[in-house]
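# Structural overview
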Amino acid sequence: MFENTYIQQRIEKAEKLREVGINPYANECSRNCTIAKYLNVNSDILHTEEKRDENRSYIVAGRIKLFRLMGKASFLKIEDESGMLQIYVARDNLPEGFYNDIFKKNIEVGDIVEIKGYPFVTGQGELSLHADDLRILTKAISPLPEKYHGIQDKELRYRQRYLDLIMNSEVRKTFHIRSKVISLTRRFFENKGFLEVETPMMHPIAGGANAKPFVTHHNALGIDRFLRIAPELYLKRCIVGGFEAVFEINRCFRNEGMDATHNPEFTSIEFYWAYKTYKDLIVLTKEYFEYLFEHLELPTVLPYGELKIDFSNFTEIPLIQSLVQIGGVPADIVEDKDKIIAFMREKKLDINDKMNIGQLQGELFDEYVEAKLINPTFITEYPVEISPLARRNDEKPHLTDRFELFIAGKEIANAFSELNDPIDQLQRFEGQMAAKECGGDDEAHEMDEDFVNALSYGMAPTAGQGIGIDRLVMMLTNEHSIRDVLLFPAMKPIKNEINLHDDEEI
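Small disclaimer: the values here were computed from a predicted structure and weren't measured.

Time to look at the packing of aromatic side chains. Per the counting criterion, the structure on display carries 22 aromatic pairs. Their ring planes at 25° and their centres at 5.3 Å tell us that Tyr99 and Phe103 sit as a pair that is stacked. Here Phe103 and Tyr99 lie together in helix α3 (residues 98–106), a separation of four residues that amounts to about one turn. Each member of the pair, Tyr99 as well as Phe103, carries the same accessibility label: buried.

Below you can see the structure in the form of structure tokens.
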């Protein structure tokens, strides 16, 4: 594995350190100050006449990112999670022989070191650390990419995210923001009185959303299980049981394609609120975004590629109306199945004659509307046929009390007033099963008799919603691939990775 010449040279240097009694993989560290704190507490020296203070002493630690080796003195730049610091290392300040025999010969870029010293300002005006002592903590045997070019291959960045994080502080910043978004999300819902719960990740039925599941096998029970598509049906069981506001920040799994906005496993929050409607969730969603922007200290207008997204400008429009007003679809066809099919054929779009009118309207929306929704837009009143778990609208029973939130042409959230009529729910499931058996819809929702049984005990009027955390972070960080906001995204296999189903090398 480590046949590379440069790696072999570094391994030899690690051995030489051992030979002189230095452990190149030390365990203890005496660091008493992060780099950011060091730069902050010593910034006053920039304005003093002496430009140094030998009475102050600090111990910092970090990875060497730059090494300028000279005769009797050298400059290093080391980096920890908080920032970068310049280090001045002089031969005469270190133990006799250390500079020439140890430091110059065996320490290099990529190594992690601990340095003790005092603050001073260089002639170029940079606040630095004058080293009195230096100790290696970790010898890196693989060399880092060249500083100014970094990692150009995006595939390599995703596969070796650890290396990407070492080389790119902006990437680390993205994941700091992601972590804050998740933390703030939890705090927002807790402050609203929601209870965080945990539900199963292995389900006996692939339910909660229309999607293809991953299948695994439970050896002890001798049965297959499905990795969670969505936690929805279990969270609604909690509402049946008497909880009135619950949420789960969850990992979900969908055995489908990968692209800029889809990864086989993803993070979302789902929450359910008794005695509320989907209209209450529109208000709550706006409050949630205001809360995020306030605590992340972000401006309400953010760039997203060439777009400008105004997160203070939320609009709302019914799906059928959006087909005409935003998508430009002729008004006289949008509620006629045969006319939609003829229109789509005329436009040379793929069409399945077995689709019902609700599915066809969904296809028109995907083709003509979705990409045009830049500022936050709530699309409401979805057809019953594509909303198997949503409550029918009292005045328009062919539509549901549902919305999806779109930003920059991407779906960010899905919500509805929940269907709590057990007979209606049973019939919807039966319709989904018929679509699967006769219409070839392999993503149709499976029958879940236990969930119907739960509803038979009575579920309070409830509104529920899911928000995609990954896509939300993409918007907030101006990233255009979901793989840029996942630390370790799914990747196509490369050589030497084994397909466990057929034991053949890919």
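Next comes the rest of the account.
Once that is clear, we can look at the packing of helix α8 (residues 278–296) against helix α14 (residues 469–477). Taken N-terminus to C-terminus, the directions of α8 and α14 make an angle of 50°; their axes are 13 Å apart at the nearest point. Here α14 runs oblique to α8, going by the angle between their axes. Both α8 and α14 take part in a crossing whose hand is right-handed. Only Ile469, Leu472 and Leu476 of α14 make contact with α8, whose side of the interface consists of Tyr288, Phe289, Leu292, Phe293 and Leu296. Residues belonging to the contact of α8 with α14 are distributed by class as follows: eight nonpolar, no polar and no charged.

The volume enclosed by the second largest pocket comes to roughly 500 Å³. What lines the second largest pocket is a set of 17 residues, among which Ile7, Ser142, Pro143, Gln160 and Tyr162 lie closest to the centre. Here the element with the most residues in the lining of the second largest pocket is helix α5 (residues 161–167); it accounts for three residues. Among the residues making up the lining of the second largest pocket, the classes are represented as twelve nonpolar, three polar and two charged.

As enumerated under the stated definition, the model contains 36 salt bridges in all. Across the pair Asp111 and Arg10 runs a salt bridge whose closest N-O atoms are separated by 4.0 Å. With Asp111 in the loop between α3 and β4 (112–121) and Arg10 in helix α1 (residues 5–19), this pair connects stretches of sequence that are 101 residues apart. As a salt-bridge pair, Glu265 and Arg251 come within 3.0 Å of each other at their nearest N and O atoms. You can see Glu265 sitting in strand β11 (residues 265–274) and its partner Arg251 sitting in strand β10 (residues 245–253), a full 14 residues away along the chain. With relative accessibility at 30%, the residue Arg251 sits in the partly exposed group. Residues joined by salt bridges that share partners form a network here, namely Arg10, Lys13, Glu108, Asp111 and Lys139.

Taken in spatial order, the three strands make up an open sheet running β7-β9-β8, and their pairing is antiparallel. The open sheet terminates on both sides in strands that have one partner only, identified here as β7 (202–203) and β8 (215–218).

Across the chain, pLDDT averages 93, with 95% of residues at or above 70. Contacts from residues 500–506, a stretch scored under 50 in pLDDT, to residues over four places away or in other chains number eleven contacts.

One non-glycine residue, Lys51, lies in the positive phi region at around 65°. Tracing the chain through its elements places Lys51 in the loop between α2 (35–41) and β1 (58–69). For Lys51, a relative accessible area of 30% corresponds to the partly exposed category. One non-glycine residue, Asn478, adopts positive backbone phi at about 60°.

Before going further, it helps to spend a moment on the side chain of Arg471. Relative to the elements of secondary structure, Arg471 occurs in helix α14. Summary of buried charges: Arg471 has no salt-bridge partner, and the nearest side chain of opposite charge, Glu411, is 4.4 Å away. Polar contacts involving the side chain of Arg471 include one to the main-chain carbonyl oxygen of Thr261, which spans 3.2 Å. A polar contact of 3.1 Å, which involves the side chain of Arg471, links it to the side chain of His262.

Attention now goes to the pairing of strand β3 (residues 83–90). Most of β3 is tucked away, with six of its eight residues classed as buried. Note that strand β2 (residues 73–80) and β3 share eight bridges and pair antiparallel. Opposite Ala73, over in β3, you have Ala90 as the bridge partner. Taken together, β2 and the strand that follows it, β3, pair antiparallel across an intervening segment of two residues. By the bridge criterion, three bridges tie β3 to strand β5 (residues 127–138) in an arrangement that is parallel.

A word on the sheet that holds strand β18 (residues 462–468). On the basis of which strands lie adjacent, the open sheet formed by eight strands has the order β6-β10-β11-β18-β17-β16-β15-β14 and mixed pairing. Two strands lie at the open edges of the sheet, namely β6 (195–196) and β14 (315–318), each paired on one side alone. Summarising the sheet, β10 and β11 pair through nine bridges and their orientation is antiparallel. Each bridged residue has a counterpart across the sheet, and for Ala245 the counterpart in β11 is Trp273.

Formed by 46 residues in total, the largest nonpolar core has its most connected members in Phe189, Phe271, Tyr288, Phe289 and Ile407. Look past the residues within four positions of Ile407 in its chain and what remains in contact with it is Phe289, Ile309, Phe311, Leu373, Ile374, Pro376, Ile412 and Met475.

Right, let's talk about the state of the cysteines for a bit. Under the criterion given, the structure shown has zero disulfides. We note that Cys252 lacks a disulfide partner, and the nearest cysteine sulfur, in Cys238, lies 15 Å from it. Relative accessible area serves as the criterion here: at 1%, Cys252 is assigned to the buried category.

Glancing now at the packing of helix α6 (residues 169–191) against α14. It is the contact of α6 with α14, at a shortest axis distance of 10 Å, that shows an interaxial angle of 125°. The orientation of α6 relative to α14 falls into the category oblique. When you trace α6 past α14, the crossing you get is right-handed. Note on element contacts: α14 touches α6 through Ile469, Asp470, Leu472, Val473, Leu476 and Thr477, opposite Thr174, Ile177, Arg178, Val181, Ile182 and Thr185.

The next subject is helix α11 (residues 357–368). Because the α-helix completes a turn every 3.6 residues, residues three or four places apart line up on one side. Between the first and last C-alpha of α11 there are 16 Å, a value that for twelve residues agrees with the 16 Å anticipated at 1.5 Å per step. Among the residues of α11, Gly358, Gln359, Leu360, Gln361, Gly362, Leu364, Phe365 and Tyr368 are the ones counted as buried. Against the buried residues of α11 lie α9 (319–325), α10 (337–346), β15 (377–380) and β16 (402–407). N-capping of α11 is provided by Asn356, with a side-chain oxygen placed 3.2 Å from the backbone N of Gly358.

Reading the values: the criteria
Residues numbered from 1 in each chain as written. Predicted model: local features only at pLDDT ≥ 70, side-chain atom pairs only at ≥ 80, totals over all residues. Heavy atoms only, no water. Phe/Tyr/Trp six-rings, centres within 6.5 Å; stacked < 30°, edge-to-face > 60°. Helix = DSSP H or I, 4+ residues; strand = E, 2+ residues; numbered from the N terminus. Buried < 20%, exposed > 50% of the residue type's maximum accessible area, 1.4 Å probe, protein only. Axes fitted to C-alpha atoms, helices over the stretch in contact; angles between N-to-C directions. Parallel < 35°, antiparallel > 145°, perpendicular 65-115°, else oblique. Left-handed = near helix turned anticlockwise from the far one by under 90°. Contact = heavy atoms within 4.5 Å. Nonpolar A, V, L, I, M, F, W, Y, C, P; charged D, E, K, R; others polar. 1 Å grid on protein atoms, 1.4 Å probe; cavity = no way out; pocket = protein on both sides within 12 Å on 5 of 7 lines; lining within 4 Å. Points joined across faces, edges and corners; volume = space filled by probe spheres on them. Salt bridge = Lys/Arg side-chain N within 4 Å of Asp/Glu carboxyl O. Pairing = 2+ DSSP bridges. pLDDT = per-residue confidence, 0-100. Lys, Arg positive; Asp, Glu negative; His and termini not counted. Polar contact = N/O pair within 3.5 Å; in protein donor to acceptor, adjacent residues only side chain to side chain. Core = buried A, V, L, I, M, F, W, Y, C linked by side-chain atoms within 4.5 Å. Disulfide = S-S within 2.5 Å. Expected span 1.5 Å × (residues − 1).

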